[in-house]
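Read off the chains here:
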Amino acid sequence: MTHKPKIIALSASLRNARWGKGIGDLIEMIKTIKNKDELMDFAGQEAKVHLDQFVEAGRKDDIPFDDLYKNLRKLAGKKGLCNSEVGMVVALWAAYQVGCDIDYVPLSSYFGASRDVDLEGLREKALSADAILLCTPVYFGDRSSLASDFIEFVRADQSLCEHLAGKPVAGVAVGAKRNGGQETTLIYQLLEMTGIGMLGVGNDSDTTSQYGGTILAGDIGTAIGDSYGLATTIGVGRRLAHIALSLHRASDFSLRGKLKVMFWILQDEDGYALERVRALVERSGGSIDANILDLVVGGEVGRCIACDICPTHVGPDVEYRCIVKKKTDKFVEAHEKMLDYDVIVPVALSKKDRKGILNVYQRFIERTRYLRRGDYLFSDVCVMPLVIEEIGASEYLDVRMLTSLIRQHTVMSRPAVAYLHKGEILNWDEVCDSWDTMLENAKRLTLGRLSQTYNKHDAYNPVGYILSAAKDKEISVAERREVLSNDREIRRMEHAAERVTLK
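Residues numbered from 1 in each chain as written. Predicted model: local features only at pLDDT ≥ 70, side-chain atom pairs only at ≥ 80, totals over all residues. Heavy atoms only, no water.

Caption draft 1: Up close: the overall build of the protein chain. Secondary structure assignment for the protein chain yields 17 helices and 17 strands. Computed over its C-alpha atoms, the radius of gyration of the protein chain comes to 23 Å, within 12% of the 23 Å expected for a compact globule of 503 residues. Based on the C-alpha atoms only, the size of the protein chain along its principal axes is roughly 75 × 55 × 50 Å. The burial tally for the protein chain puts 57% of its 503 residues in the buried class. Counting only carbon and sulfur atoms, one obtains 51% of the accessible surface of the protein chain, whose full area is about 20900 Å². Positive and negative side-chain charges in the protein chain, numbering 66 and 71 respectively, have mean positions lying 2 Å apart. (Helix = DSSP H or I, 4+ residues; strand = E, 2+ residues; numbered from the N terminus. Rg over C-alpha atoms; globule rule 2.2 N^0.38 Å. Buried < 20%, exposed > 50% of the residue type's maximum accessible area, 1.4 Å probe, protein only. Areas by Shrake-Rupley, 256 points an atom, 1.4 Å probe, with all protein chains shown as cover. Lys, Arg positive; Asp, Glu negative; His and termini not counted. Charge placed at Lys NZ, Arg CZ, Asp CG, Glu CD.)

Caption draft 2: Expanded view of the pattern of salt bridges. Summed over all chains, the structure comprises 30 salt bridges. Counted as one network, the salt bridges with shared partners bring together D317, R321, D340, D487, R488 and R491. (Salt bridge = Lys/Arg side-chain N within 4 Å of Asp/Glu carboxyl O.)

Caption draft 3: The side chain of N291, seen in detail. Mapping N291 onto the fold places it in strand 9 (residues 288-294). Using a relative accessible area of 16% as the deciding quantity, one classes N291 as buried. At a separation of 3.0 Å, a polar atom in the side chain of N291 contacts the side chain of Y341. (Polar contact = N/O pair within 3.5 Å; in protein donor to acceptor, adjacent residues only side chain to side chain.)

Caption draft 4: Up close: the nonpolar core. Of all hydrophobic cores here, the largest spans 82 residues; its most connected members are I7, L92, L133, V261, V347 and W435. A per-element tally of this core places helix 15 (residues 428-450) first, with ten residues. Not counting residues up to four positions away in its chain, the partners in contact with V261 are I288, D289, A290, N291, Y341, V343, V345, W435 and L439. (Core = buried A, V, L, I, M, F, W, Y, C linked by side-chain atoms within 4.5 Å. Contact = heavy atoms within 4.5 Å.)

Caption draft 5: Just the packing of aromatic side chains, in detail. Across all of its chains, the model carries eight aromatic pairs by this definition. On the basis of an interplanar angle of 75 degrees and a centroid distance of 5.6 Å, the ring pair of Y320 and Y370 is categorised as edge-to-face. Placement of the pair is Y320 in the loop between strand 9 and helix 11 (330-335) and Y370 in helix 13 (residues 369-373), with a sequence separation of 50 residues. Connected via pairs of aromatic rings, a cluster forms that spans W264, Y320, F331, F364, Y370 and F378. Sitting over the face of the ring of W428, R276 holds its NZ or CZ atom 4.8 Å from the ring centroid. (Phe/Tyr/Trp six-rings, centres within 6.5 Å; stacked < 30°, edge-to-face > 60°. Lys NZ or Arg CZ within 6 Å of the ring centre and 35° of its normal.)

Caption draft 6: Fine view of helix 3 (residues 65-73). Taken as a whole, helix 3 has its buried residues at L68, Y69 and L72. Along the axis of helix 3, the buried positions cluster into a sector of 100 degrees, meaning they face one direction only. Buried residues along helix 3 sit in contact with helix 2 (36-59). (Arc of directions from axis to C-beta.)

Caption draft 7: Molecular detail of unusual backbone geometry. A cis amide bond links C310 to the next residue, P311, at an omega of 0 degrees. One can find P311 in the loop between strand 9 and helix 11. A positive phi is found at D62, a non-glycine position, where the angle reads about 55 degrees. Residue placement: D62 occurs in the loop between helix 2 and helix 3. Although it is not a glycine, A306 adopts a positive phi angle of roughly 55 degrees. When you line up the elements, A306 lands in the loop between strand 9 and helix 11.

Caption draft 8: Highlighting a nonpolar patch on the surface. On the surface, I391, Y419 and L426 cluster together to form a nonpolar patch covering roughly 290 Å² of accessible area. On the secondary structure map, I391 appears in the loop between strand 13 (386-390) and helix 14 (397-405). Its relative accessible area of 43% is what places I391 among the partly exposed residues. (Patch = residues over 30% accessible without salt bridge, like charges linked within 9 Å, V, L, I, M, F, W, Y side chains within 5 Å.)

Caption draft 9: Structural detail: the environment of W19. Of note, W19 is situated in the loop between strand 1 (6-11) and helix 1 (21-32). Not counting residues within four places of it along the chain, the set of residues in contact with W19 comprises L72, R73, L75, A76, G77, P106 and S109.

Caption draft 10: A look at the side chain of D398. Relative to the assigned elements, D398 resides in helix 14. No salt bridge is formed by the buried D398; its nearest oppositely charged neighbour, R400, is found at 8.7 Å. Apart from the residues within four sequence positions on either side, D398 is in contact with P385, V387, E389, P415 and V417.

Caption draft 11: Broad picture of the pairing of strand 13. With five of five residues buried, strand 13 is to be regarded as a mostly interior element. Alternating residues of strand 13 divide into L386, I388 and E390 and V387 and E389, and every residue in both groups is buried. As paired elements, strand 10 (residues 343-350) and strand 13 share four bridges and run parallel to each other. The residue bridging A348 from the neighbouring strand is V387, located in strand 13. Of the pairings in the sheet, the one linking strand 13 to strand 15 (residues 416-421) comprises five bridges and is parallel in character. Its bridge partner being in strand 15, V387 is matched across the sheet by V417. (Pairing = 2+ DSSP bridges.)

Caption draft 12: How the structure looks around the packing of helix 6 (residues 145-155) against helix 8 (residues 182-195). In contact at an axis separation of 11 Å, helix 6 and helix 8 are set at 10 degrees when each is read in the N-to-C sense. It follows from the interaxial angle that helix 6 and helix 8 lie roughly parallel. Side by side, helix 6 and helix 8 meet where A147, F150, I151 and R155 of the first sit next to Q189, E192 and M193 of the second. Grouping the amino acids of the contact of helix 6 with helix 8 by side-chain chemistry returns four nonpolar, one polar and two charged. (Axes fitted to C-alpha atoms, helices over the stretch in contact; angles between N-to-C directions. Parallel < 35°, antiparallel > 145°, perpendicular 65-115°, else oblique. Nonpolar A, V, L, I, M, F, W, Y, C, P; charged D, E, K, R; others polar.)

Caption draft 13: Focus on the environment of S350. In this structure, S350 sits in strand 10. Setting aside chain neighbours within four positions, we find S350 in contact with Q267, V387, I388, E389, E390, A393, E395 and L397. At 2.6 Å, the side chain of S350 forms a polar contact with the side chain of E395.

Caption draft 14: Region of the structure containing the pairing of strand 3 (residues 131-137). For strand 3, the tally of buried residues reaches seven of seven residues, placing the bulk of the element in the interior. Burial of strand 3 is two-sided: the residues A131, L133, C135 and P137 facing one way and the residues I132, L134 and T136 facing the other way are all buried. Sheet topology places strand 1 next to strand 3; five bridges connect them, and they run parallel. When the bridges of strand 3 are listed, L10 appears paired with L134.

And the structure:
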């Protein structure tokens, strides 16, 4: 690797405290911070500076906010951090610690309160990015208008879309309440950014791998008080940097043999979705090793019974470790076929008329719980949902698949939605294009994944699961980590030796 991949953080708050020379000063300061305690001290001090600036700009005199805002914009932009910037700073620090270069762009410098300025400068910044971190306050469960304008700006520029395609993206959302719309904001961003071809990631396992950073901050300067929210945001920085470095590393290697692709057929009628899967496999011309798990025929998928201890025991990945062991259960059979794949394609046929539909989707997703809690079996694997959707079915399975499977520590590619009307698929060529693009991205992800050692941040942290956490202590977290990490590292090394060549 000749250079470090660069993560560009975008703050989508009109209250940002930094612009101009203050941005460069901030980035250099982040790079000097040695540990988390120093990070929190710095962020806390800067949050207080920003609050003091608000007071001096007119809050103490109770002047109208539009006048107060004008006073703030007269400052030099060299000091302070707004709530969104606090989240951004801790994420960038984490990314820098992992090994990425970092930069910051306040979107309010380009999409102003009244008019847009110097969008070519923003374009140049975006074209320098190897990964994007989008940090936004929450408005009605969605992103800010600044974030929306940036996404529209990218969508309208073909060269930007082409540059960002295949690069990772993650988000941080700041809301006034703990359940203030942060997760819906992050999900909408992920859907749109994967829609333009980016690869969606969440945060890492320290906070159980959710959709991104979720910060509680109801008033100016209060984000620093949300220790859990800041932990999710540090996890975002680590996770985004990990994938950016993995993709960057891939350029040094080439892949021998075929990509290993696993299809899960989770909803179908008379084998229609199965036929479409076979068409994609045939299109690949022997370049993939495909395993099609047709889970809607020949048995059943039992329900997850939400065990207090999950998985049932310490053991390597090859061992089935779910308490549901009925012989006719399709998941028991499927487990041994789900190891060591490069791509997962969950597949569903969605129709308005439900009479002939065979559906195990939700049961199957629930049953993957033990795989997630067993230190994320599918870590860093590329996932592309494939939904054949009759127009008007309104089942939203592509959205549900993305939000469920990103929590498995995967990397989400743009869902492929084939629109069905009067028995004909209207956009099969587009689906095939998405398929081809995904395979190229998956190849890079696979090379990066196989060429690195076991990542300690793949280890599941049972946040909120008190009984499971107690059981973990009984059997020793260290013991479980050693069993799993050794098993996975041995398999990774074997696969790397067989499949990866240094250029």
